[in-house]
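What follows is each chain in one-letter form.
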Amino acid sequence: MLTLTKVTKQFGSQIAVDKLDLNIPQGLVFGLLGPNGSGKSTLLRMIMGLLKPTSGNILIFNNNSPGDFEVKHLLGYMPQQLAVYPGLSVRENVLFYGRLYGIPETELETRLLDILEMVELSSCLDNLAADLSGGMLRRLMLATTLIHQPSLVILDEPTAGVDPSLRLRFWEWFEELAHGGTSILITTHHISEASRCNKVAFLRQGKLLEHDTPEKLMQRYDSANLEEAFVQATQANFGEMK
Ligand code: ADP
Ligand code: MG
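Treat the numbers as computed from the prediction; the structure is a model and nothing was measured.

Caption draft 1: Seen up close, the domain arrangement of the protein. Domain assignment breaks the protein into domain 1 (2–74 + 151–238) and domain 2 (84–149). Between domain 1 and domain 2, the C-alpha centre-to-centre distance is 26 Å. Taken together, the contacts link 17 residues of domain 1 with twelve residues of domain 2. Carbon and sulfur atoms supply 69% of the area that domain 1 and domain 2 bury against each other, a total of about 1,100 Å² over both sides. For the pair domain 1 and domain 2, the number of links is one salt bridge. Arg-169 is the partner of Glu-120 in a salt bridge, and the nearest nitrogen-oxygen pair spans 2.4 Å.

The structure is reproduced here in structure tokens:
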């Protein structure tokens, strides 16, 4: 579904993503785990076709031009920063994104109600986005990301700043989506979230250190948890952490 070959992104002299090779098969919840500045958002932006790699190749749904329209409608992208219109209501925001993807009006209303029910915003249809709490905004963003029923959902720290109980709800929705056959690529710096992924890639300073199932990563580094495995993988690649 997604194959990255020696993907590199340089901003001036800084290398944000460094010769990254990765193959992500369909039907998984795949996590990118790494601290701030490790290149997670840059990598997702390149996969979405919003940034051009400095070098390397991205093959997505058998297409090597990630920004292409045929590919774009298969993808749902929830960026790290706020991406809804504060002056539009909850309903209008979802309709806006639905129309952008050309969903027929007859179908759009049903999908809108279904998706807002899932993210538990049915009672706020006519509230302005500007008046929503942080957690409600994140739920609205998820709804706008899913309205066109993408095959691959790309989520950049979707639970950043949300309270722990909502974070757990988000994960129930992700697992529900994955169960229905949707692939999910998600970034996080929460170990607890990474542990729930089918596969996890460790990223640090733009480099991919390891990727495997959480269980195998813990076994490989003889670690009791994924956090310890991440630290061990970092030490193996960079020496002692500063
Ligand atoms: P993460 O999402 O893991 O926090 P980012 O992909 O946002 O990491 O950033 C990786 C590195 O690239 C950081 O050092 C960041 O400062 C740098 N970077 C990201 N975007 C830009 C940009 N548009 N211009 C210059 N440097 C950037
Ligand atoms: Mg980021």
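Caption draft 2: Highlighting the coordination of the magnesium ion (ligand 2). Those donors, Ser-41 (OG) and Gln-80 (OE1), are the protein atoms that reach the magnesium ion (ligand 2), and they lie 2.0 to 2.2 Å from it. Here Ser-41 is found in helix 1 (residues 40–47), whereas its partner Gln-80 is found in the loop between strand 5 (75–78) and helix 3 (90–100), with 39 residues between them in sequence. In this structure Ser-41 comes out as buried when scored by relative accessible area, which is 14%. We classify Gln-80 as partly exposed; its relative accessible area is 30%.

Caption draft 3: Looking closely at the layout of surface pockets. The computed volume of the largest pocket comes to approximately 290 Å³. Around the largest pocket, the lining is made up of 14 residues, and of these Met-48, Tyr-77, Tyr-97, Leu-100 and Tyr-101 lie nearest the centre. Taken together, the elements giving at least two residues each to the lining of the largest pocket come down to helix 2 (69–72), helix 3 and helix 5 (134–146). Here the lining of the largest pocket gets three residues from one element, more than from any other, and that element is helix 5. Residue classes in the lining of the largest pocket are distributed as ten nonpolar, three polar and one charged. Per-domain counts for the lining of the largest pocket show at least three residues from each of domain 1 (2–74 + 151–238) and domain 2 (84–149). Forming the walls of the second largest pocket are Arg-111, Asp-114, Ile-115, Met-118, Leu-146, Ile-147, Gln-149, Pro-150, Val-153, Leu-177 and Thr-182. Sort the elements by how many residues they give to the lining of the second largest pocket and helix 4 (residues 105–118) lands first, with four residues. Inspection of the lining of the second largest pocket shows a minimum of three residues originating in each of domain 1 (2–74 + 151–238) and domain 2 (84–149).

Each value, and the rule that gives it
Residues numbered from 1 in each chain as written. Chains lettered and ligands numbered in written order. Predicted model: local features only at pLDDT ≥ 70, side-chain atom pairs only at ≥ 80, totals over all residues. Heavy atoms only, no water. Domains from an automatic or database assignment. Contact = heavy atoms within 4.5 Å. Buried area = accessible area lost by both parts, 1.4 Å probe. Salt bridge = Lys/Arg side-chain N within 4 Å of Asp/Glu carboxyl O. Donors = N, O, S within 2.8 Å, 3.2 Å for Na, K, Ca; no water. Helix = DSSP H or I, 4+ residues; strand = E, 2+ residues; numbered from the N terminus. Buried < 20%, exposed > 50% of the residue type's maximum accessible area, 1.4 Å probe, protein only. 1 Å grid on protein atoms, 1.4 Å probe; cavity = no way out; pocket = protein on both sides within 12 Å on 5 of 7 lines; lining within 4 Å. Points joined across faces, edges and corners; volume = space filled by probe spheres on them. Nonpolar A, V, L, I, M, F, W, Y, C, P; charged D, E, K, R; others polar.

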